[in-house]
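Analysis of the macromolecular model
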Protein chains: 2
Amino acid sequence: MSLPHVASPEDRTSALAAVHDDVARSAVTPSTSGAGAGPRAWLDDWDAAHGMSVVEKPLEQLDGWAFDDDGAALRHRSGGFFSIVGLDVHLSDAPVAHWQQPIIDQPEVGILGFLVTRVDGVLRVLMQAKNEPGNPRGSQLSPTVQATRSNYLGLHGGRPVPYLEHFRRRTDESALADVRQSEHGSWFIAKRNRNMIVEVADDLEVIDGFAWFTLADVYRALREPVMVNMDARTVLACMPFAGVGPGDPPGAEHDAVGSSLARSFSGRHGSVHSTPDLLAAVTDARVSLDLSRRQVSLSGLTGWERRDGRITHRTGAYFDVLGVEVSCSGREVGAWDQPMIAGSAGAVAAFLAADVDGVLHVLLRLRSEAGFVDVVELGPTVQCAPANYAHLPDGARPRFLDEVLDAADGPDSDDVLFDSSLAEEGGRFHSTTIRYLVVHTHAFEEPPGYRWLTLAQLGDLVHHSHYVSVQARTLLLAAQSVLTLGRAAHRVAS
Amino acid sequence: MSLPHVASPEDRTSALAAVHDDVARSAVTPSTSGAGAGPRAWLDDWDAAHGMSVVEKPLEQLDGWAFDDDGAALRHRSGGFFSIVGLDVHLSDAPVAHWQQPIIDQPEVGILGFLVTRVDGVLRVLMQAKNEPGNPRGSQLSPTVQATRSNYLGLHGGRPVPYLEHFRRRTDESALADVRQSEHGSWFIAKRNRNMIVEVADDLEVIDGFAWFTLADVYRALREPVMVNMDARTVLACMPFAGVGPGDPPGAEHDAVGSSLARSFSGRHGSVHSTPDLLAAVTDARVSLDLSRRQVSLSGLTGWERRDGRITHRTGAYFDVLGVEVSCSGREVGAWDQPMIAGSAGAVAAFLAADVDGVLHVLLRLRSEAGFVDVVELGPTVQCAPANYAHLPDGARPRFLDEVLDAADGPDSDDVLFDSSLAEEGGRFHSTTIRYLVVHTHAFEEPPGYRWLTLAQLGDLVHHSHYVSVQARTLLLAAQSVLTLGRAAHRVAS
């Protein structure tokens, strides 16, 4: 029949298939234009012309910020941006069942968005060279738009956010992804950002500080330390991705792991758990776990103290809240002060990966973090800063941590599929990096609270909110890079 | 490789396929045992031995219930069960953008669960004959377990809930579904119940008031007025269901609509929208719609008054809050009082269904209700009590309502695929029925805020929370019945 307003299923289905094809070609096609000499040179050029100076400053002296009179919270005088508050947490089934901590309260839903275009069958993403105060070394590849609501409503008096209009007035047809995702549940209360991928025509004007890249460029950059920022990683993990084609992936080693990985992304092969099984396990964990949290005063948090202009744990573990004074010439405004969280050094987030009858599976942990919107998400097999466990009983040492570290630092590097140190969000976290690892294992098991998933299953779940944690989303993108570049970061020339 | 703790993907995939097969056979196999003379006779027998008397009683006189001193809320003296509170709602994009109303506040997550067993390749569900004070006529087919947290913690001093232990200590492997779903967003604040389907061995002892039925029995009962209760409908809608087989469905008419419907459930055919497209539309609606609600005092709600022992709208529209005195001999306790909501007469919930290139699609509306947990869910094409629009401007009349009613009550009954009046939850709603319709349309469109979905897409979404409204879940089950029984309620002998 004739359909005046609706495309036929075949047209629509082939539209999605065409996106998959253009994404696949993007994954195996390095740029020959746009960034010219490649992302590293492009970022360096940008930083040479746009300096940023970041100096630590005591929290009490931050311009525009103040503790409440009773010390209950640290807030911006405008009421915008975010606050640092205290949180009291009870969580059954954790190494420590009750604790208090400082945490970021930022209730607004911001926008993290990529503009993409498809030319000659290759999808390209519009990257921004963006420096942020927490970045360990200068600018990183960042989404086209990365804006809190305070940002884009101009609460801080900054300049308009470039390209924002494409995300605030999108048409349904143009979105390849639009999903609210959580961020670090240990450091944010119920934070969510809208992860968006919006398609535009290829005649878009590209302004200074922005450039088109292919996914192949991104994957390569992902293997260099702190070059692809966290917001870019989480959004790109939401890209519709179904592998790179029926044959062996170009660039990947033609071995059993490569073939197994390709089958894991295709979605046409069996999985250890059906998706209804997985979703039932998530519901069960959310209902069964007893997580209660309440906001308490920042002053007098058990175990924490204000010292030398910071808020620190008495053991020195976990993280610090510190202040910085920022001045720069390439951002919305030239200078500002703000508090940040500085995470522990040596943090690790890892997937164990195993071949199950020819289909690679990764091991997700049903993980609860104090700030999660809905109690539990699927996180990496291992996620921790080992130093934080030094003062806890032996039994608290995270499961699978030693297996991951032994493989990562051991002689048999064939088992290391991905290994790269990447920075967490530079607008909130100060020089906070995580070593992301995907480690192949031969002897595996599935303890309670863990589930083996194919990468196609994980790729389906990221289109929904609050299933896949921000660290697991980075690892999903990392697994895509293994599919196209082959295993192990250190085998790729940087 | 050998997998000590994990079944192989093939085994697991075939496990899900086996469930689909046993569900398909259940859908086309009427019981020859269990309920004996069929569900109607079984329910009548039960009611003959277990009377329930329900008499209206002024809200002010309900035993165990009291208004706060300032009239702000009506609560149970135990603090359990639920309360009636006031709500102030601002909702952009609604016929009325601001209003106040009474609403049920029941923050607990209850359990609605079916035990199922599979014998000789046929799945059976353990139905309970359950009378509830709001039921228009005696007992209905109800889930094995239907328990609020107050219920199963024994807050009202009742007897233990039979079979509850299978749901409170389930093993992952045994759950065919486990998902928290919303209920009526206009009458509940953020209510969620856990919808569970748990498989047990076939040697389960079946106690008085319970019996095994096939899905074919359920579909047939669904076509009789108020025989399958709401909780049974919402849980059974979450059953993994992939159609009834490759050929023409037994019992269905062998026409184009039947074949189109079979393809709609199979999931192997194209859909007008890809699932990522649909999910992006939901996110966009949730972020774009401005819904704000705050609890206010029940006394002094604009437009509402306490009169004759009820709370009513001054126009007589929408719903009443009324009290009942219940006494019975077949329930957990013998007698109690409680408030209930009595919805408007003449309510309608309907899917428009259209064939798109050989695949039946149904039209969902991105619908916001004041009490939804996350602003928007996919609801029926039409959902309203037409009388509620009598005092509103003409433009407020719900879109597609006339098209549905013209088809339902017009001469061309071939377009009516399903037509049955079913009762909403009898524990909270007093004699509140909705006429559920699935109407085939030839001339269709997709206005903003509506989306055409296949039934396979809808069936995938019900495994996640908060996408498919409680009314749309009943209509999904209704569509399953059309697949196996053919079109139109009045063609089936009852």
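Residues numbered from 1 in each chain as written. Chains lettered and ligands numbered in written order. Predicted model: local features only at pLDDT ≥ 70, side-chain atom pairs only at ≥ 80, totals over all residues. Heavy atoms only, no water.

So, the overall build of chain A
- Of regular secondary structure, chain A possesses 11 helices and 24 strands.
- The C-alpha atoms of chain A give 22 Å as radius of gyration, which agrees with the globular expectation for 494 residues (23 Å, within 12%).
- In terms of its C-alpha atoms, chain A occupies a principal-axis envelope of roughly 65 × 55 × 50 Å.
- Across the 494 residues that make up chain A, the buried fraction comes to 63%.
- For chain A, the share of sequence-separated contacts (at least 6 apart) that also reach a separation of at least 24 residues comes to 74%.
- As presented, chain A carries roughly 17800 Å² of accessible surface, and 48% of it is formed by carbon and sulfur atoms. (Helix = DSSP H or I, 4+ residues; strand = E, 2+ residues; numbered from the N terminus. Rg over C-alpha atoms; globule rule 2.2 N^0.38 Å. Buried < 20%, exposed > 50% of the residue type's maximum accessible area, 1.4 Å probe, protein only. Contact = heavy atoms within 4.5 Å. Areas by Shrake-Rupley, 256 points an atom, 1.4 Å probe, with all protein chains shown as cover.)

Considering the pattern of salt bridges
Residue and element names in this part refer to chain A.
- All told, the structure shown has 48 salt bridges over all chains when counted by the stated rule.
- Put simply, D22 and R25 hold a salt bridge, and the shortest N to O gap is 2.8 Å. With D22 and R25 both in helix α1 (residues 9-27) and three residues apart, this pair spans about one turn of that helix.
- Residue D22 is classed as buried on the basis of its relative accessible area of 9%.
- Since its relative accessible area comes to 38%, R25 is described here as partly exposed.
- Put simply, D22, R25, R118 and E199 are held in one network by salt bridges that share partners. (Salt bridge = Lys/Arg side-chain N within 4 Å of Asp/Glu carboxyl O.)

Regarding the packing of aromatic side chains
- Scanning all chains against the criterion turns up 20 aromatic pairs over all chains.
- Ring centres of W187 of chain A and F429 of chain A lie 4.9 Å apart, and the angle between their planes is 50°; this geometry places the pair in the tilted category. In this pair, W187 of chain A is assigned in the loop between β10 (175-182) and β11 (192-199) and F429 of chain A in the loop between β22 (416-423) and β23 (433-440), connecting sequence segments 242 residues apart.
- Their ring planes at 65° and their centres at 5.6 Å tell us that F188 of chain B and F429 of chain B sit as a pair that is edge-to-face. Residue F188 of chain B is found in strand β11 (residues 188-189), and its partner F429 of chain B is found in the loop between β23 (416-423) and β24 (433-440); the two are separated by 241 residues along the sequence. Just as F188 of chain B is buried, F429 of chain B falls in that class too.
- Its end group placed over the ring of F67 of chain A, R306 of chain A keeps NZ or CZ at 3.6 Å from the ring centre.
- The aromatic ring of F188 of chain B is capped on one face by K191 of chain B, whose charged end is 3.9 Å from the ring centroid. (Phe/Tyr/Trp six-rings, centres within 6.5 Å; stacked < 30°, edge-to-face > 60°. Lys NZ or Arg CZ within 6 Å of the ring centre and 35° of its normal.)

Digging into unusual backbone geometry
- Phi at F400 of chain A takes a positive value of approximately 75°, unusual for a residue other than glycine.
- With respect to the helices and strands, the residue F400 of chain A is situated in the loop between β21 (382-384) and α9 (401-409).
- Despite not being glycine, D357 of chain B has its phi angle at roughly 50°, a positive value.
- As for its placement among the helices and strands, D357 of chain B is situated in the loop between β19 (347-356) and β20 (359-368).
- Classification of D357 of chain B as partly exposed rests on a relative accessible area of 35%.

Regarding the confidence of the model for chain A
Residue and element names in this part refer to chain A.
- Predicted confidence across chain A gives a mean pLDDT of 89, with 91% of residues reaching 70 or more.
- Taken as a whole, residues 1-5 scores under 50 in pLDDT and shows 11 contacts with residues more than four places along the chain or in a different chain.
- In this model residues 489-494 is a low-confidence stretch, pLDDT under 50, and it forms 10 contacts with partners more than four residues away in sequence or in other chains.
- Scored as a complex, the prediction yields pTM 0.92 and ipTM 0.90. (pLDDT = per-residue confidence, 0-100.)

Points about the side chain of R223 of chain B
- Note that R223 of chain B resides in the loop between α5 (215-222) and α6 (230-236).
- In this structure the side chain of R223 of chain B is engaged in a polar contact, spanning 2.7 Å, whose partner is the backbone oxygen of G486 of chain B. (Polar contact = N/O pair within 3.5 Å; in protein donor to acceptor, adjacent residues only side chain to side chain.)

Quick notes on the pairing of strand β14 (residues 304-307) of chain A
All names here are of chain A.
- Across four bridges, the pairing between β14 and strand β15 (residues 310-313) is antiparallel. If you follow R307 over to β15, its bridge partner there is R310.
- If you look at the hairpin formed by β14 and β15, you'll find two residues sitting between the two strands, and D308 has a positive phi there, around 55°. (Pairing = 2+ DSSP bridges.)

Looking at the environment of G323 of chain B
- Relative to the helices and strands, G323 of chain B is located in strand β17 (residues 319-328).
- The sequence separation of G323 of chain B and Q61 of chain B amounts to 262 residues, and the corresponding C-alpha distance is 8.4 Å.

With respect to helix α5 (residues 215-222) of chain A
All names here are of chain A.
- Buried residues dominate α5, accounting for seven of its eight residues.
- Those residues of α5 not exposed but buried are L215, A216, D217, V218, Y219, A221 and L222.
- Between the side-chain oxygen of the N-cap and the backbone nitrogen of A216 there are 3.4 Å, and the N-cap of α5 in question is T214.

Let's talk about the side chain of S31 of chain B
- Mapping S31 of chain B onto the fold places it in the loop between α1 (9-27) and α2 (39-49).
- A polar side-chain atom of S31 of chain B sits 2.4 Å from a polar atom in the side chain of D217 of chain B.

Quick look at the packing of helix α7 (residues 256-266) of chain B against helix α11 (residues 470-485) of chain B
Residue and element names in this part refer to chain B.
- Viewed as axis vectors pointing N to C, α7 and α11 meet at an angle of 130°, and their least axial separation amounts to 10 Å. One element, α7, and the other, α11, form an angle in the oblique class. Like other packed secondary-structure pairs, α7 and α11 cross with a definite hand, here left-handed. Packed against α7, whose contacting residues are G258, L261, A262 and F265, the element α11 presents L476, A479, Q480, V482 and L483 at the interface. (Axes fitted to C-alpha atoms, helices over the stretch in contact; angles between N-to-C directions. Parallel < 35°, antiparallel > 145°, perpendicular 65-115°, else oblique. Left-handed = near helix turned anticlockwise from the far one by under 90°.)

A look at the environment of S465 of chain A
Residue and element names in this part refer to chain A.
- Among the secondary structure elements, S465 is positioned in the loop between α10 (455-461) and α11 (470-485).
- Taking the C-alpha atoms as reference points, S465 and E377, 88 residues apart in sequence, are found 9.7 Å from one another.
- Those residues in contact with S465 that sit more than four places away from it in its chain are V179, R180 and Q181.

Topic: the packing of α5 of chain A against α11 of chain A
All names here are of chain A.
- Here α5 crosses α11 at 105°, and the two axes come no closer than 9 Å. Accordingly, the angle class assigned to the pair α5 and α11 is roughly perpendicular. Residues Y219, R220 and L222 of α5 form the contact with α11, whose participating residues are L477, A478, Q480, S481, T484 and L485.
- Across the contact of α5 with α11, the residue classes tally to five nonpolar, three polar and one charged. (Nonpolar A, V, L, I, M, F, W, Y, C, P; charged D, E, K, R; others polar.)

Thoughts on the pairing of strand β12 (residues 192-199) of chain B
All names here are of chain B.
- Buried residues dominate β12, accounting for seven of its eight residues.
- Note that strand β6 (residues 110-119) and β12 share seven bridges and pair parallel. When the bridges of β12 are listed, L112 appears paired with N195.
- Two strands pair when backbone bridges link them, and strand β10 (residues 175-182) and β12 are joined in this way by seven bridges, in the antiparallel orientation. Residue D178 lies in a different strand from β12, and its bridge partner there is M196.

What about the environment of L91 of chain B?
All names here are of chain B.
- Summarising the element assignment, L91 is placed in strand β4 (residues 83-91).
- Judged by relative accessible area, L91 falls into the buried class, the value being 6%.
- In this structure the C-alpha to C-alpha distance between L91 and L291, which are 200 residues apart in sequence, comes to 4.5 Å.
- Beyond its immediate chain neighbours, meaning those up to four positions away, L91 contacts V96, A97, W99, L289, D290, L291 and S368.

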